[in-house]
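Okay, here's what each chain looks like letter by letter:
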Amino acid sequence: MKETKIISDIALAAQDILLGNVVAIPTETVYGLAASIFNESALKDIFKIKGRPQTSPLIVHIGRKEQVQDLCTNVPDVAYELMDAFWPGPLTLLLPKKDVVSHTITSGLNRVGLRMPAHPVALELLQRCQVPLAAPSANPFCSISPTTSAHVFNYFNGKLGYILEGGACSVGLESTIIGFEEGKCVVYRQGGARLTDIEKITGPVTFYNKTTSTSSAPGMLKRHYAPRTPLVFCTGNLADCVEKQQGKKVGVLSFSVADDIKSTNVVISLALSSAANEDEAAKNLYASLHYLDSLGLDVIITAPMPHTAIGNAINDRLKRASAL
Ligand code: TXA
Ligand code: MG
């Protein structure tokens, strides 16, 4: 394929999707690889382009809340309360699907993940397409998620016709994923919507646990969101972790203080938010990892974020990025 074009023309992106092509689109969380949910061959192309196994389902993006009834059945009342509180926004709900949602999207599961994104470009695109769009994050399987059009271009140049420009993603972390089991609210993935805010509506949530859950959740991989450079998630003293990397070129990524490590190993030290703001840290996370990964370092060392709602979601990503 020819060089991929980064475009700002939302109508052109909609037209290309309706012609049956995969287009990279911005959302407030991360960029996605989008196709019409009614085009099976385009849906299959998403898996091919991403190198993702068919066993990992896709999230469906809608532009209007009324579309929930077209796609889902037996929606619990609490799900509607969550939609009213969080949509448009970074919350995905796993709901029993109707037949119109194909097994290609859900990997054969009987629930579909739905969300209404908050990015104005994504919303206008959904409006123009008039069909829901299936979209996983626009990165090769298991790699760092993209938060700019340039990240997507670097991954997929030549494999897509268009990337729709939407600037840097304002949230920067994937959506929080919630399901409902036996009247309980279950967290499948921590993300941009705060669990503390969700619990104000649902009461205490539980975390998905493969061994006790009656539902299945493929794709919750131990290793995920990973740079090519080995990443160490340092839970002890940061200076000690750095000292252990004798003779190696080290990059350090910390929450708010970048320059407190005096070691000749350290080539670069970055802070996610000098103001110690968890939202800013989330927004900068993937761009910082993409940048560190481009520097030819031997290892990236990260320190845990504070255990706040968003800090925990960031720690989840860092742990998975460091898993062997
Ligand atoms: O913020 C986001 O959610 C972004 C943007 C583009 O919307 N999308 C995203 O998609 O992160 P993806 O495919 O990279 O991650 C979705 C996760 C996967 O781990 C997948 O297994 C899980 O959601 N998932 C999707 N549908 C599911 C379902 N029906 N049941 C269980 N897990 C599901
Ligand atoms: Mg992903």
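### Remarks on the packing of aromatic side chains
The final tally for this structure, using the stated rule, is 3 aromatic pairs. Judged by centre distance (5.9 Å) and plane angle (55 degrees), the ring pair of Tyr155 and Phe156 falls under tilted. Classification of Tyr155 by relative accessible area gives partly exposed; the value is 23%. Their ring planes at 20 degrees and their centres at 6.4 Å tell us that Tyr225 and Tyr286 sit as a pair that is stacked. Here the residue Tyr225 occupies a position in the loop between β11 (206–207) and β12 (231–233), and Tyr286 occupies one in helix α10 (residues 278–293), the gap between them amounting to 61 residues. Neither Tyr225 nor Tyr286 differs from the other in exposure class; each is buried. The ring of Tyr225 carries the charged tip of Arg317 above its face, separated from the ring centre by 5.0 Å.

### Digging into the packing of helix α1 (residues 10–18) against helix α6 (residues 120–129)
Between two packed helices, the angle of one axis relative to the other and the distance separating the axes together describe the packing. Packing of α1 against α6 brings their axes to within 9 Å, and their N-to-C directions diverge by 50 degrees. Our classification of the angle between α1 and α6 gives oblique. The two elements α1 and α6 cross, and the hand of that crossing is right-handed. Facing Ile10, Ala11, Ala13, Ala14, Ile17 and Leu18 of α1, the residues of α6 in contact are Val121, Glu124, Leu125, Arg128 and Cys129. Here the contact of α1 with α6 is built from residues that sort into 9 nonpolar, no polar and 2 charged.

### Observations regarding the nonpolar core
Counting 47 residues, the largest nonpolar core has Trp87, Leu93, Leu95 and Leu114 as its most contacted members. With near-sequence residues (within four places) excluded, Leu95 lies in contact with Val68, Cys72, Val75, Pro76, Ala79, Met83, Asn110, Arg111, Val112, Leu114 and Phe180. Formed by 26 residues, the second largest nonpolar core is a distinct cluster that contains Ile144, Tyr225, Phe255 and Ile314.

### Concerning the state of the cysteines
For the coordinates displayed, the defined rule picks out 1 disulfide. In this model, Cys234 is linked to Cys241 through a disulfide, with the two sulfur atoms separated by 2.1 Å. Residues Cys234 and Cys241 are joined by a disulfide whose S-S torsion is about 80 degrees; by sign, that bridge is right-handed. Across the pair, Cys241 and Cys234 agree in class, each one buried. Between Cys169, a cysteine without a disulfide, and Cys129, which holds the nearest cysteine sulfur, the sulfur-to-sulfur distance is 18 Å. Considering cysteine sulfurs only, Cys72 is the nearest to Cys185, which forms no disulfide, with 15 Å between them.

### What to know about the domain arrangement of the protein chain
By the assigned domains, the protein chain splits into domain 1 (5–207) and domain 2 (231–322). Here the C-alpha centre of domain 2 lies 28 Å away from the C-alpha centre of domain 1. Buried area between domain 1 and domain 2, both sides added, is near 1,400 Å², and the carbon and sulfur share of it is 58%. Area buried by domain 1 at its contact with domain 2 is led by Ile144, Leu173 and Arg194, which between them contribute 40% of it. For the pair domain 1 and domain 2, the interface holds 3 salt bridges. Between Arg194 and Asp279 there is a salt bridge, with the nearest N and O atoms lying 2.9 Å from each other. The tally of links between domain 1 and domain 2 comes to 7 residue pairs in polar contact (both at pLDDT 80 or more). Partitioning the side of domain 1 that touches domain 2 into residue classes produces 8 nonpolar, 9 polar and 3 charged.

### Things to note about the pattern of salt bridges
In this structure the tally under the stated criterion is 13 salt bridges. Note that Arg317 and Glu174 form a salt bridge whose closest N and O atoms lie 2.9 Å from each other. One end of the pair, Arg317, is in helix α11 (residues 309–322); the other, Glu174, is in the loop between β8 (162–164) and β9 (176–181), with 143 residues separating them in the sequence. Across this residue pair, the class does not change: Arg317 and Glu174 are buried. One salt-bridge network, held together by shared partners, links Glu174, Asp316, Arg317 and Arg320.

### Observations concerning the packing of α10 against α11
The contact between α10 and α11 brings their axes to 9 Å, and the two run at 20 degrees. By the criterion of interaxial angle, the relationship of α10 to α11 is roughly parallel. Crossing angle aside, the handedness with which α10 passes α11 is left-handed. Across the interface between the two elements, Glu278, Asp279, Ala281, Ala282, Leu285, Tyr286 and Leu289 from α10 touch Ala309, Ile310, Gly311, Ile314, Arg317 and Leu318 from α11. Among the residues making up the contact of α10 with α11, the classes are represented as 9 nonpolar, 1 polar and 3 charged.

### Observations regarding the side chain of Thr27
One can find Thr27 in the loop between β2 (23–25) and β3 (32–36). Overall, the relative accessible area of 2% leaves Thr27 in the buried class. Of the polar contacts made by the side chain of Thr27, one reaches the side chain of Thr29; its length is 2.8 Å. In this structure the side chain of Thr27 is engaged in a polar contact, spanning 2.7 Å, whose partner is the backbone oxygen of Val30. Residues in contact with Thr27, not counting those within four places in the same chain, are Arg115, Pro117, His119 and Cys169.

Cut-off values and rules
- Residues numbered from 1 in each chain as written.
- Chains lettered and ligands numbered in written order.
- Predicted model: local features only at pLDDT ≥ 70, side-chain atom pairs only at ≥ 80, totals over all residues.
- Heavy atoms only, no water.
- Phe/Tyr/Trp six-rings, centres within 6.5 Å; stacked < 30°, edge-to-face > 60°.
- Buried < 20%, exposed > 50% of the residue type's maximum accessible area, 1.4 Å probe, protein only.
- Helix = DSSP H or I, 4+ residues; strand = E, 2+ residues; numbered from the N terminus.
- Lys NZ or Arg CZ within 6 Å of the ring centre and 35° of its normal.
- Axes fitted to C-alpha atoms, helices over the stretch in contact; angles between N-to-C directions.
- Parallel < 35°, antiparallel > 145°, perpendicular 65-115°, else oblique.
- Left-handed = near helix turned anticlockwise from the far one by under 90°.
- Contact = heavy atoms within 4.5 Å.
- Nonpolar A, V, L, I, M, F, W, Y, C, P; charged D, E, K, R; others polar.
- Core = buried A, V, L, I, M, F, W, Y, C linked by side-chain atoms within 4.5 Å.
- Disulfide = S-S within 2.5 Å.
- Domains from an automatic or database assignment.
- Buried area = accessible area lost by both parts, 1.4 Å probe.
- Salt bridge = Lys/Arg side-chain N within 4 Å of Asp/Glu carboxyl O.
- Polar contact = N/O pair within 3.5 Å; in protein donor to acceptor, adjacent residues only side chain to side chain.

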